[in-house]
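A closer look at the structure
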Amino acid sequence: REYERFAAKLRWSRREAVLALGSRDLRALAPAGVRVRVEPARESDLAELTANSAEQHREDLREDREAADESAFRQRHAQDLRDGRWWVVRERGRIVFQVHVGAATPRAVQLGGVFVPADSRGRGIAKTGVRAICAKLLDRHELVTLYCDENNTVALRVYEQVGFRFEFFNRS
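Small disclaimer: the values here were computed from a predicted structure and weren't measured. Per chain, residues are indexed from 1 in the order of the written sequence. Totals for whole chains, interfaces and linings use all residues, but because this is a predicted model, local features are given only for residues with pLDDT of at least 70 and pairs of side-chain atoms are given and counted only at 80 or more. Based on all heavy atoms of the structure, the side-chain values leave hydrogens and waters out of the count.

**Quick word on the confidence of the model for the chain**
Considering every residue of the chain, the mean pLDDT works out to 87; 91% of them sit at 70 or more. The predictor reports its confidence for every residue as pLDDT, a score running from 0 up to 100. For the purposes of this entry, the term helix denotes a DSSP run of H or I that reaches at least four residues, the term strand denotes a run of E that reaches at least two, and both are numbered from the N terminus. Looking over the chain, one finds the lowest element-wise mean pLDDT in helix α2 (residues 65–68), namely 71, and the highest in strand β2 (residues 39–40), namely 96.

So, in structure tokens, the structure goes:
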């Protein structure tokens, strides 16, 4: 209501589950034979990572942020890559999983931009990739958190299988 005094009325676009995971919550549920190595993205990954991220925004957020300002979109991803915020899993040199490691405090760190390209889905890569990055992050933080659209049931199921627990709903 305070905001509306200065601008147009707010329009709530979606409700997101806020999820958290501690080291005791982490489950080892990798499908048989599926092993992944999650590692920081490299400069040579920028074009593929940015294209994947643009697709993730279109699918998950129903927004085309890349089209709105392609240069800024690429620059932000390049800076985050240089800052070590993008992590990937590769198969035969191609990214099959990527995740952005965002805001962090000594206690908690937040994930975002979790993405598996369409032709790599259905093989457990998301679950093992999320689990692998969480295991790394839980060495330095008490909690890993993330937001997930309440309608993205596939992602919610992945996070639940890894061990994330629901905390509350956020409106955006």
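More follows now that the structure is in view.
**What to know about the packing of helix α4 (residues 125–137) against helix α5 (residues 153–162)**
Here an axis means a line fitted to C-alpha atoms, over the contact stretch when the element is a helix, while the angle between two N-to-C directions is reported on a 0 to 180 degree scale. At a closest axis distance of 9 Å, the pairing of α4 and α5 adopts a crossing angle of 50°. Put simply, α4 runs oblique to α5. For α4 against α5, the interelement crossing comes out right-handed. Contact with α4, carried on its side by Ala126, Lys127, Val130 and Arg131, involves Val158, Tyr159, Gln161 and Val162 of α5 and no other residues of that element. Note that the term roughly parallel is reserved for angles under 35 degrees, roughly antiparallel for angles over 145, roughly perpendicular for angles of 65 to 115, and oblique for everything else. What makes a crossing left-handed is the near helix being turned counterclockwise from the far one by less than a right angle; a clockwise turn instead makes it right-handed. Any two residues having at least one pair of non-hydrogen atoms within 4.5 Å are treated as being in contact.

**A closer look at the sheet that holds strand β1 (residues 15–22)**
Pairing is mixed across the open sheet formed by seven strands, whose spatial order is β2-β3-β4-β5-β6-β1-β7. Since the sheet does not close on itself, it has two edges, and those belong to β2 and β7 (165–171), each with one partner. For two strands to be treated as a pair, DSSP must find at least two bridges joining them. Across six bridges, the pairing between β1 and β7 is antiparallel. Each bridged residue has a counterpart across the sheet, and for Ala17 the counterpart in β7 is Phe169. Packing against the sheet, α4 makes contact with β1, β3 (86–91), β4 (94–104), β5 (108–115) and β6 (143–149), and its axis sits at approximately 40° to β4. Strand contacts of α5: β1, β5 and β6, with the helix running at about 160° to β6, the strand carrying the most contacts.

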